[in-house]
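# Descriptive analysis of the structure
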Amino acid sequence: MAGPVGYVYDPLYLEHGAAGHPENPARLQAIMAHLEESGLLARLRRVEVRDAAPEDLALVHGPELVEAVRSMAAEGGGWQDADTYVAPRSYEAALRAAGGVLAAADAVLDGAVSSAFCLVRPPGHHATPERAMGFCLFNNVAVAAAHALERRGLERVAIVDFDVHHGNGTQDTFYRDGRVLYFSTHQYPFYPGSGYWAETGEGPGAGAIVNVPLPRGCGDSEYLRAYGEVCAPVLRRFRPQIILVSAGFDAHFADPLAQMLVSTRGYYEIATLLRDLAEELCEGRILYALEGGYDLTALAWSVRACIDALLGNPFAEDPLGAGPRVPGPSIDTIVDAVKRAHGLSEG
Ligand SMILES: [Zn+2]
């Protein structure tokens, strides 16, 4: 173990909520309760959160979006789109969510912790530079990546996104950049509609956007194939100085919003692969930020599985088990297309 594993959490994250909405405070309460009961929280180092400042958000977002969220919250709340609510304290919670990921990025880059898991909400990966959408107000991970590049002197940041939805906001932010490698596995076709393999970046960003659009019904073996055969070689070629993870757990077989079949053990194995890549490529620097995941048991145990992987603990058997044992769809064609698009094909 290189150093302590950090975490970010703040009770303000519970004050963003809307009755009956799947992205609700009970998600973080379930995670925190499980981490406390299992004794894992006591093994983590708390990273002091801060609030993102306007100039932090301006690394990614236009001032009109920030003002739209601020004023909507100040006026008592409302909806940014059909899915995306703003509650009276959502603006403050969103500033602290982005600031929590910024604080954790600094703690990892300063060596105060070796890696960290940010237990934040609202989530971020659908938020584009100009638009809140898909339960997301500000793009926490994109802001942290831009901060690492613009203020911490990094030249190459990798973002790995295993949320079941494509992180269109993160892709949009860095599509013409090239300093950020964005790798995503996601159900496709599915919300928000982007993430086809042929979306690979443009200009200086050409080749830096790596999408693995997976058909519904994929489970651990299909996911681990995508991470082993595509994520690992593109990260080795890119040589990131830190890996940020948009960690959504809605590809779990128990999740009510999507149709994938990943198990809790599958998340543990993905997290182990990513930890090993971080150790090989960037002195273990890896930072998780919570995105989606809507079955509370699957969510709590899968977050715990990722933290166990960071700590080097064995997998803790979860109450949901391996899930339906059905053969997954063939992903040969899609994996070949992704490899060809990114120059990974042999021969
Ligand atoms: Zn999602």
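Here is a short report on the structure shown in this document.

The rules behind these values
- Residues numbered from 1 in each chain as written.
- Predicted model: local features only at pLDDT ≥ 70, side-chain atom pairs only at ≥ 80, totals over all residues.
- Heavy atoms only, no water.
- Helix = DSSP H or I, 4+ residues; strand = E, 2+ residues; numbered from the N terminus.
- Pairing = 2+ DSSP bridges.
- Donors = N, O, S within 2.8 Å, 3.2 Å for Na, K, Ca; no water.
- Tetrahedral: all angles 85-135°; square planar, octahedral: opposite > 155°, others 65-115°.
- Buried < 20%, exposed > 50% of the residue type's maximum accessible area, 1.4 Å probe, protein only.
- Contact = heavy atoms within 4.5 Å.
- Salt bridge = Lys/Arg side-chain N within 4 Å of Asp/Glu carboxyl O.

### Looking at unusual backbone geometry
The amide bond that connects Tyr188 to the next residue, Pro189, takes the cis arrangement and shows omega of 0 degrees. Cis rather than trans, the peptide bond between Tyr191 and Pro192 has omega equal to 5 degrees. Among the secondary structure elements, Pro192 is positioned in the loop between strand E7 (180-187) and strand E8 (209-214). One non-glycine residue, Phe135, lies in the positive phi region at around 75 degrees. Its location among the elements puts Phe135 in the loop between strand E5 (115-118) and helix H5 (140-150).

### A closer look at the sheet that holds strand E1 (residues 5-8)
Read from one edge of the open sheet, eight strands run E2-E1-E5-E10-E9-E6-E7-E8, paired in parallel fashion. Strands at the two margins of the open sheet, each flanked by one partner only, are strand E2 (45-46) and E8. Taken together, the five bridges between strand E6 (residues 157-161) and E7 define a ladder with parallel strand orientation. By the bridge assignment, Ala158 is partnered in E7 with Leu181.

### Details of the coordination of the zinc ion
Looking at the zinc ion, the protein donor atoms are Asp163 (OD), Asp163 (OD), His165 (ND1) and Asp250 (OD), and they sit 2.0 to 2.7 Å from it. Classification of the site at the zinc ion as irregular follows from its four donor atoms and the range of 53 to 155 degrees in their angles at the metal. Sequence spacing of the donor residues for the zinc ion, all on one chain, is D-x1-H-x84-D. Taken as a pair, Asp163 in the loop between E6 and helix H6 (168-174) and Asp250 in the loop between strand E9 (242-247) and helix H8 (264-282) lie far apart in primary sequence, 87 residues in all.

### Remarks on helix H10 (residues 332-341)
For the α-helix, the turn length of 3.6 residues means that residues three or four positions removed from each other point alike. Along H10, the positions that sit buried rather than exposed are Ile334, Val335, Ala337, Val338 and Lys339. Lining the buried residues of H10 we find E8 and helix H7 (220-238). Two residues or fewer after H10 comes Gly343, characterised by a positive phi angle close to 65 degrees.

### Digging into the pairing of E7
Summarising burial for E7: eight of the eight residues are buried, a large majority. In the sheet, E7 pairs with E8 via six bridges, with the strands oriented parallel. Its bridge partner being in E8, Tyr182 is matched across the sheet by Ile209.

### With respect to the environment of Leu44
Of note, Leu44 is situated in the loop between helix H1 (26-37) and E2. Leu44 sits in the buried class, given a relative accessible area of 9%. Spatially, the C-alpha atoms of Leu44 and Leu311 are 8.8 Å apart, while their sequence positions differ by 267 residues. Contacts of Leu44, omitting those with residues within four sequence positions, involve Val5, Tyr7, Ile307 and Leu311.

### Some remarks on the pattern of salt bridges
What the rule picks out here adds up to 23 salt bridges. Put simply, Arg27 and Glu23 hold a salt bridge, and the shortest N to O gap is 2.7 Å. We note that Arg27, like Glu23, is buried. Between Arg50 and Asp106 there is a salt bridge, and its shortest N-O distance comes to 3.0 Å. Of this pair, Arg50 sits in the loop between E2 and helix H2 (54-57) while Asp106 sits in helix H4 (residues 90-110), and the two are 56 residues apart along the sequence. Judged by its relative accessible area of 31%, Arg50 falls in the partly exposed class. When salt bridges that share partners are traced, they join Arg50, Asp106, Asp110 and Arg152 into one network.

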